[in-house]
Amino acid sequence: MYIVDYIKEVASAVKSLATGMKLTGYYFTHPKEIITQEYPDNRATLKMADRFKGEVIMPHDENNEHACTGCTSCELACPNGSIKVITKFEVNAEGKKKKAVDQHIYHLDMCTMCNLCVEACPTNAIVMANTFEHSVPDRNMLIKRLNNNGSKIREGVE
Amino acid sequence: MISFEHITKWLQAWLNAHMSPILVLAVETVLIVILAIALFAVLGLVLVIMERRVAAFMQIRMGPNRVGPWGLLQSTADTVKLIMKESIVPTHADKFLFNLAPFIVMIAAMLILAPVNFAQRFHIWDLNIGILFITSISSISVIGILMGGWASSNKYSLLGAMRSGAQIVSYELSAGLSILTIIVLCGSLKVSDIIASQETGWWIFKGHIPAIVAFVIYLIAVTAETNRAPFDLAEAESELTAGFHSEYSGMRFALFFLAEYINIFIVCAVGATLFLGGWMPFHIGHMQGFNHVMDYIPSSIWFFGKTFFLIFVIMWFRWTFPRLRIDQLLNLEWKYLLPISMVNLLVMTVVAIYHLHF
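Quick look at the overall build of chain A now. Within chain A, the secondary structure is distributed over three helices and seven strands. The helix and strand sequence of chain A, counted from the amino end, reads α-β-β-α-β-β-α-β-β-β. Here the C-alpha atoms of chain A give a radius of gyration of 27 Å, more than 25% beyond the 15 Å that 2.2 N^0.38 yields for 158 residues. With respect to the principal axes defined by its C-alpha atoms, chain A has extents near 95 × 40 × 30 Å. The buried share among the 158 residues of chain A stands at 15%. The long-range fraction of contacts in chain A, counting pairs at least 24 apart against all pairs at least 6 apart in sequence, stands at 73%.

Here we take up the domain arrangement of chain B. All names here are of chain B. We note that the domain assignment places domain 1 (1-84) and domain 2 (89-353) within chain B. Computed from C-alpha coordinates alone, the two centres of domain 1 and domain 2 are separated by 20 Å. Taken together, the elements giving at least two residues each to the side of domain 1 that touches domain 2 come down to α1 (4-18), α2 (21-58) and α3 (74-84). Considering each element in turn, the side of domain 1 that touches domain 2 owes the most residues, eleven residues, to α2. Tallied by class, the residues present in the side of domain 1 that touches domain 2 amount to twelve nonpolar, five polar and two charged.

Let us look at the nonpolar core. What tends to happen in soluble globular proteins is that the nonpolar side chains get buried as a cluster. Counting 84 residues, the largest nonpolar core has Y218(B), A221(B), F265(B), I266(B) and C268(B) as its most contacted members. When residues of this core are sorted by domain, at least three fall in each of domain 1 (1-84) and domain 2 (89-353) of chain B. M58(A), C78(A), I126(A) and I153(A) belong to the second-largest nonpolar core, a separate cluster that totals 15 residues.

For the rest of this paragraph, the subject is the interface of chain A and chain B. Taken together, the contacts link 13 residues of chain A with eleven residues of chain B. Of the residues contributing to the side of chain A that touches chain B, the split by class is eight nonpolar, four polar and one charged.

Before going further, it helps to spend a moment on helix α12 (residues 250-275) of chain B. Residues separated by three or four positions in an α-helix point in the same direction, a consequence of the helix having 3.6 residues per turn. All names here are of chain B. Between its terminal C-alpha atoms α12 stretches 38 Å, which fits the 38 Å expected from 26 residues at 1.5 Å a residue. With 22 of 26 residues buried, α12 is to be regarded as a mostly interior element. Residue G277 follows α12 closely and has a positive phi angle near 85 degrees.

All names here are of chain A. Strand order in the open sheet made by the three strands is β3-β4-β6, with antiparallel pairing throughout. Two strands lie at the open edges of the sheet, namely β3 (83-91) and β6 (143-145), each paired on one side alone. Here the strands of the sheet are splayed against their neighbours by 25 degrees on average, with no regard to which way each runs. Sheet topology places strand β4 (residues 97-107) next to β6; three bridges connect them, and they run antiparallel. Pairing of Y106 across the sheet is with K144, part of β6.

Assignment of secondary structure puts V30(B) in helix α2. Spatially, the C-alpha atoms of V30(B) and Y336(B) are 46 Å apart, while their sequence positions differ by 306 residues.

Attention shifts here to the packing of helix α6 (residues 141-151) of chain B against helix α7 (residues 155-186) of chain B. Residues and elements named next belong to chain B. In the contact formed by α6 and α7, the axes pass within 7 Å of each other and the chain directions differ by 165 degrees. Classed by the angle they form, the pair α6 and α7 counts as roughly antiparallel. Between α6 and α7 lies a crossing whose hand is left-handed. Along the contact surface, α6 presents V142, I145, L146, G148, G149 and W150, while α7 presents S157, L158, G160, A161, S164, G165, I168 and V169. The class makeup of the residues in the contact of α6 with α7 is eight nonpolar, six polar and no charged.

Criteria and cut-off values
- Residues numbered from 1 in each chain as written.
- Chains lettered and ligands numbered in written order.
- Predicted model: local features only at pLDDT ≥ 70, side-chain atom pairs only at ≥ 80, totals over all residues.
- Helix = DSSP H or I, 4+ residues; strand = E, 2+ residues; numbered from the N terminus.
- Rg over C-alpha atoms; globule rule 2.2 N^0.38 Å.
- Buried ≥ 20, exposed ≤ 12 C-beta atoms within 10 Å, placed from the backbone.
- Contact = placed C-beta atoms within 7 Å.
- Domains from an automatic or database assignment.
- Nonpolar A, V, L, I, M, F, W, Y, C, P; charged D, E, K, R; others polar.
- Core = buried A, V, L, I, M, F, W, Y, C linked by C-beta atoms within 7 Å.
- Expected span 1.5 Å × (residues − 1).
- Pairing = 2+ DSSP bridges.
- Axes fitted to C-alpha atoms, helices over the stretch in contact; angles between N-to-C directions.
- Parallel < 35°, antiparallel > 145°, perpendicular 65-115°, else oblique.
- Left-handed = near helix turned anticlockwise from the far one by under 90°.

Quick look at the structure:
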């Protein structure tokens, strides 16, 4: 009957509205649930998620050695040309010439944090760091050189 | 115990002892104007900060908490900003109507204040058709909204104003019918009589199910009448930027914004008066002891407590429900609220005639 359907409709509408109000009422009465963090105040204890992609870095070990072979895979993988690898040829102990990285230039101002360079790297020389405070007074300061001064490729990395 | 009643009586006596009757009237008028404006300013500041904090907590956020203790001065800072901002009038706007519109909305909001009883025997003008006065004046604010929307010469403003007009006109019906339901019970339009009739218990408890249905319908209808979410089609941010007040800035915008919050306060005050007994303390029948204990809480606290509870419920609606489409909005009114409130009024009339209520 029509009138029965009508009453059922009203009742189910009231029930669904009450369900919604119950949830927001629960959040209102339980301030523990608040997920916002008061950022500048909690800087000391702030823990960013490991998977947060803030910038590309090249980790160096204690001997100032990295794992970059200068293969330019990351440069080729980058969709908008944020990476420029300048290579050089080094002569090793046996007198052979070998390609190596001279300057790994990274444009943080253009980077979209797509992670493709990290995936393309065959030796895991570059990773995504979870830093996020990138504000600088000059745009040129966002163009970074990832390999340290005087750094070498780690022994055994091909 | 000091109450508002004592203060007004003392002031009246003091003025009468020192001045001629005409001067007394003039001084009292000025005092009332100052008090009304002060109430508006304080209410605007309090309700805005309350809304923002309630919204934040319901959305698992913190809300403004930097300016002053617990962020309480945030709305004051916002108002200072609005006062200092330039109030721009669009080139093609109808300048006279554009400037007039916010004042019409404010005046309508101010006039409704007259019959509201804020505490025991503390009111501006307790006229014998108080509730009729409130319902009729509240229809005037739609003129201000239409005027502002039309004079802005902006598509969004006009669309918002038209939607607002359709909405207010249709929802006033069910709001009026649910008010009538209580008028049928107490048999008077005078606000103080309505409150006095609830001495043995508030109508929402005494009036059985019809009173509760009327209360729910009243809450829904006034939410729509004050253009608040989930019925905020008139200023749907995602569709019409800000609806009828898109072109307003600075203090003119602040007047519209203030009027919105004042209207919420007033409809909640009327709802508290009709269904929750206004300033009447919580009484159960003729239980003398219990009623006497409740009387120790001042009547102004009862009134403002109930009003702010209703305001909280309306804010709760706003931050829970999604916005309705215009067809859903009109469906809700004409196919659901209006028939239900008509049947409800009929049931309540039977209850009142046979004295089936407590």
